[in-house]
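Here is how the chains run, residue by residue.
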Amino acid sequence: MSGIFKKIQKSIAYRTDKNFWLKEKFNQNYQNYLDSGATTEEAYQELVQLYVATNGKFNEEYNAKLKKSNPPLPVAQSLKGVPGNFTNDDFKKVNATLNQNGYVHFDAKLSKELCDKLTQFALNTPSLIPPTYKEPVIYNPENPVAEIYKFNAQSLINNADIQQLITDPVLINFARNYFGCEPIFDFPAMWWSTAFKKEASSEAAQLFHFDLDRIKWLKVFFYINEVTLDNGPHCYIEGSHKVNAKPAEILNRGYVRVPDADLAPYYKPDAFKTVCGEAGSMFMGDTKCWHKGTPLKKGHRLVLEIEYTSSMFGANYPKMEVSNASQTFKGFCANNKTFATNLHFKK
Ligand SMILES: [Fe+2]
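Below is a summary of the structure that appears in this document. All values derive from a computational prediction rather than experimental measurement. (Residues numbered from 1 in each chain as written. Predicted model: local features only at pLDDT ≥ 70, side-chain atom pairs only at ≥ 80, totals over all residues. Heavy atoms only, no water.)

## Structural notes on the packing of aromatic side chains
Right, on to step 1. For the structure on display, the rule yields 32 aromatic pairs.
Right, on to step 2. Seen in terms of ring centroids, Tyr-139 and Trp-192 are 4.6 Å apart; in terms of plane orientation they differ by 35 degrees. Their pairing is tilted. With a gap of 53 residues between them, Tyr-139 in the loop between strand E5 (136-137) and strand E6 (148-150) and Trp-192 in strand E7 (residues 184-194) connect regions that are remote in the sequence. Each member of the pair, Tyr-139 as well as Trp-192, is classed as buried.
Right, on to step 3. Ring geometry for Phe-329 against Phe-345: centres 5.9 Å apart, planes inclined by 45 degrees, an arrangement best described as tilted. Pair noted here: Phe-329 is in helix H12 (residues 327-335) and Phe-345 is in strand E15 (residues 343-345), with a separation of 16 residues, a long-range link.
Right, on to step 4. Taking the relative accessible area as the measure of exposure, Phe-329 reaches 2% and is therefore buried.
Right, on to step 5. Accessibility expressed as a relative area gives 23% for Phe-345, which makes it partly exposed.
Right, on to step 6. Each residue in the set Phe-26, Tyr-30, Tyr-33, Phe-58, Tyr-62 and Phe-313 is aromatic and connected to the rest through ring pairs, giving one cluster.
Right, on to step 7. Above the plane of the ring of Phe-210 lies Lys-246, whose end atom (NZ or CZ) is 4.8 Å from the centre.
Right, on to step 8. Over the ring of Trp-290 we find Lys-246; its NZ or CZ atom is 5.8 Å from the centre of that ring. (Phe/Tyr/Trp six-rings, centres within 6.5 Å; stacked < 30°, edge-to-face > 60°. Helix = DSSP H or I, 4+ residues; strand = E, 2+ residues; numbered from the N terminus. Buried < 20%, exposed > 50% of the residue type's maximum accessible area, 1.4 Å probe, protein only. Lys NZ or Arg CZ within 6 Å of the ring centre and 35° of its normal.)

## A few points about the packing of helix H2 (residues 20-36) against helix H4 (residues 57-69)
Right, on to step 1. Their axes nearest at 13 Å, the elements H2 and H4 cross at an angle of 40 degrees. One finds that H2 runs oblique with respect to H4. Between H2 and H4 lies a crossing of right-handed hand. When H2 is examined against H4, the residues Lys-23, Phe-26, Asn-27 and Tyr-30 are found in contact with a partner set consisting of Phe-58, Glu-61, Tyr-62, Lys-65 and Leu-66.
Right, on to step 2. Residues that form the contact of H2 with H4 fall into these classes: five nonpolar, one polar and three charged. (Axes fitted to C-alpha atoms, helices over the stretch in contact; angles between N-to-C directions. Parallel < 35°, antiparallel > 145°, perpendicular 65-115°, else oblique. Left-handed = near helix turned anticlockwise from the far one by under 90°. Contact = heavy atoms within 4.5 Å. Nonpolar A, V, L, I, M, F, W, Y, C, P; charged D, E, K, R; others polar.)

## Observations concerning the pairing of strand E11 (residues 281-285)
Right, on to step 1. Of all five residues making up E11, five are buried, and the element is well covered by its neighbours.
Right, on to step 2. Because side chains alternate across E11, one face comprises the buried residues Ser-281, Phe-283 and Gly-285, and the other comprises Met-282 and Met-284, equally buried.
Right, on to step 3. Across four bridges, the pairing between strand E3 (residues 103-109) and E11 is antiparallel. Bridge pairing links Val-104 to Met-284 in E11.
Right, on to step 4. In terms of strand pairing, strand E8 (residues 217-223) meets E11 through four bridges, oriented antiparallel. Bridge assignment links Lys-219 to a residue of E11, and that residue is Gly-285. (Pairing = 2+ DSSP bridges.)

The following block contains the structure:
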């Protein structure tokens, strides 16, 4: 394309798009991210601004560009994994539901044996608590001293059971279909929520918010113990991940947490979903949807969450060091370089 023609095109775009210059800056900063492997704070703030200014449209448009540079790999006619057996048609239905509702729930559950193993791991592995998240503590169910105990991604990625879950071919294919490109494994997270504080805690993400660490992502949640209305079920507003699905008046407050009452006028009552489930229950969601945990009345909740993404652009978390990989995990990552972008294997 000639220089003059490019200039004319830019000039037309500038007059028709009020976010033109912000997008231009973002494009430059995305290139810097590709060159350096890290996102600057300025570039990340531009992503947040563009999400808010376009009510989510910018993220979808940018993700569409990523499809070209990282096209999805072909997959078999059907795949077997933790959520069950899925044919191509099943995958299409799941993806349609995800696009429509923002969340998908599964009938399949993690086995009791696996839930017991993960519970033992969580009772014996140090975690971090607010306000400092600095001193590692072991959670004592008899005497909780914080509303949330977060495990370090580093200790989770070295757990063989978690390695098996994150490489589940069905889960990866859900992400592949949703992004339209090869997914990257972003991080694992696990935490205890407790009844230490009875009121909604911002630390424990118990007020409505949406996540925005990446351009596009998918989270899979596993309840490791039974979750009822008493011990902090996950809540979300169905369909609120879509472009233009958030009220501009609320978005204009910036990237903040929002009380239930402020969102109630904008959505139908039956769009407010509460996810209870037996131990081992699993569901996945695009947490661009408004979502929150509920304050616990009693007991505790152990959740494992894994995230896939289409690009590591965004919040800068340290790359995970894998020092204890099963042979299968090592082999999988060696053959799936995109998946393993955020993992560093210790020699
Ligand atoms: Fe969140």
